[in-house]
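The primary structure of each chain is shown beneath.
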Amino acid sequence: MELILDTADVQEVKRLSELLQVTGVTTNPTIITKSGKTPEQVVDEMLSVLNDDQLFFMQVIAQDFEGMMRDARKIHALRAKNVLVKIPVTHAGLKAVKAAKQEGMRVLATTIYSADQGFFAAMNGADYLAPYVNRMQSFGDGLGQVKDLLQMLKLQNLPTKIVAASFKNSYQVHELIAAGIQAVTVPPSVVWDMLDHPGTTSAVDGFSEAWHAAYGRDEVL
């Protein structure tokens, strides 16, 4: 499974990359605008910390087909490899997914709210699909829809990966990992929630205290 960080915070990317195998970073217009930085600053910072094998995802802004393609070409040109263009699954966006793939771009189809939307984007050649898990919950069973999409791709032998997005808690991430999701893009705060447990801290402190009391040192040998 691929762990992708959903953030514009380069320091969090550095911290978590030291601990975990991080496949890459996703951004979106909201994340970038809330960062207080320009898009150019976010791009420069992220590409300075991501190695060539890590993925960087950036979303088009235009809503019409021609504008989406202009944005897509600019994003695709940011570096030689492992840049993916995020395109929403509107009517114009689905058309742009097909066109971008024909031009040799790697594409993530985003703003997916149903399994059917994701499936059609996969048929258009999208490399990744980003269903908005938590937002989908407002319209029904978001987790169930993503699990349906996993099954639909498998049964129809489509190679597209799902990178589940829009998580608000660790339970949602856990459920989809257990269901066999290929990738998740997760806010750093949720990743930390999954990593940290008071039981682990308590156990390690207990080991250290016992060792120090018995041997008067904090080293193994």
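Above this text sits the structure in question.
Here is a short report on the structure shown in this document.

Rules used in this analysis
Residues numbered from 1 in each chain as written. Predicted model: local features only at pLDDT ≥ 70, side-chain atom pairs only at ≥ 80, totals over all residues. Heavy atoms only, no water. Buried < 20%, exposed > 50% of the residue type's maximum accessible area, 1.4 Å probe, protein only. Helix = DSSP H or I, 4+ residues; strand = E, 2+ residues; numbered from the N terminus. Pairing = 2+ DSSP bridges. Right-handed = clockwise from strand over helix to strand, strands pointing away. Salt bridge = Lys/Arg side-chain N within 4 Å of Asp/Glu carboxyl O. Phe/Tyr/Trp six-rings, centres within 6.5 Å; stacked < 30°, edge-to-face > 60°. Lys NZ or Arg CZ within 6 Å of the ring centre and 35° of its normal. Polar contact = N/O pair within 3.5 Å; in protein donor to acceptor, adjacent residues only side chain to side chain. Contact = heavy atoms within 4.5 Å. Patch = residues over 30% accessible without salt bridge, like charges linked within 9 Å, V, L, I, M, F, W, Y side chains within 5 Å. Areas by Shrake-Rupley, 256 points an atom, 1.4 Å probe, with all protein chains shown as cover. Expected span 1.5 Å × (residues − 1). Axes fitted to C-alpha atoms, helices over the stretch in contact; angles between N-to-C directions.

Examining the pairing of strand β6 (residues 128–131)
Okay, so step 1: On β6, burial covers both faces: Tyr128 and Ala130 on one face and Leu129 and Pro131 on the other are all buried.
Okay, so step 2: Relative to β6, strand β5 (residues 106–112) runs parallel, the two being bridged by three bridges. Across the sheet, the residue bridging to Ile112 is Pro131, located in β6.
Okay, so step 3: Traced from β5 through helix α6 (residues 115–123) to β6, the parallel crossover comes out right-handed.
Okay, so step 4: Judged from the two bridges that link them, β6 and strand β7 (residues 161–164) form a sheet pairing that is parallel. Counted as the bridge partner of Leu129 is Ile162 from β7.

Focus on the pattern of salt bridges
Think of it this way: side chains of opposite charge can pair up when their charged atoms draw near.
Okay, so step 1: In total, this model carries seven salt bridges according to the counting rule given.
Okay, so step 2: Across the pair Glu45 and Lys37 runs a salt bridge, and its minimum N-O distance is 2.7 Å.
Okay, so step 3: Owing to a relative accessible area of 25%, Glu45 belongs among the partly exposed residues under this scheme.
Okay, so step 4: By relative accessible area, which is 27% here, Lys37 ends up partly exposed.

Focus on the packing of aromatic side chains
Both the distance between ring centres and the angle between the ring planes are used here to describe each pair of aromatic rings.
Okay, so step 1: The tally for this structure, following the rule as stated, stands at five aromatic pairs.
Okay, so step 2: Ring centres 5.6 Å apart and planes at 85° place the aromatic pair Phe57 and Tyr128 in the edge-to-face group. Pair noted here: Phe57 is in strand β3 (residues 55–59) and Tyr128 is in strand β6, with a separation of 71 residues, a long-range link.
Okay, so step 3: Using a relative accessible area of 0% as the deciding quantity, one classes Phe57 as buried.
Okay, so step 4: In this structure, Lys95 packs its charged tip against the face of Phe65, placed 4.4 Å from the ring centre.

Topic: unusual backbone geometry
Okay, so step 1: With phi around 60°, Asn82 is a residue other than glycine that occupies positive phi space.
Okay, so step 2: Within the secondary structure, Asn82 is located in the loop between α4 (65–76) and β4 (83–88).
Okay, so step 3: Asn82 sits in the buried class, given a relative accessible area of 14%.
Okay, so step 4: Phi is positive for Asn157, which is not a glycine, with a value near 55°.
Okay, so step 5: Relative to the helices and strands, Asn157 is located in the loop between α8 (142–155) and β7.
Okay, so step 6: Classification of Asn157 by relative accessible area gives exposed; the value is 68%.

A look at the side chain of Thr27
Okay, so step 1: Looking at the element boundaries, Thr27 is found in the loop between β2 (24–26) and α2 (29–34).
Okay, so step 2: A polar contact is formed between the side chain of Thr27 and the backbone oxygen of Phe57, at a distance of 2.9 Å.
Okay, so step 3: Excluding residues that lie within four positions of it along the chain, Thr27 makes contacts with Asp6, Thr7, Ile32, Val42, Phe56, Phe57, Met58, Gln59 and Lys86.

Some details on a nonpolar patch on the surface
Okay, so step 1: A cluster of nonpolar side chains, Trp211, Tyr215, Val220 and Leu221, forms an exposed patch at the surface whose accessible area comes to about 500 Å².
Okay, so step 2: Within the fold, Val220 resides in the segment after α11 (198–215).

A closer look at α8
Side chains three or four residues apart in an α-helix point the same way, a direct result of the helix having 3.6 residues per turn.
Okay, so step 1: With 14 residues, α8 should cover 20 Å at 1.5 Å per step; its first-to-last C-alpha distance of 20 Å lies within 8% of that length.
Okay, so step 2: Listing the buried residues of α8 in full gives Gly142, Leu143, Gly144, Val146, Leu149, Leu150 and Leu153.
Okay, so step 3: Where α8 is buried, its residues touch α6, β6, α7 (133–137), β7 and α9 (170–178).

Regarding the sheet that holds strand β8 (residues 183–186)
Okay, so step 1: The eight strands lie next to each other as β1-β2-β3-β4-β5-β6-β7-β8, forming a closed barrel whose pairing is parallel. Within this sheet the neighbouring strands show an average axis-to-axis angle of 25°, counted without direction.
Okay, so step 2: The strands touched by α8 within the sheet are β6 and β7, with β7 carrying the most contacts at an inclination of about 170°.

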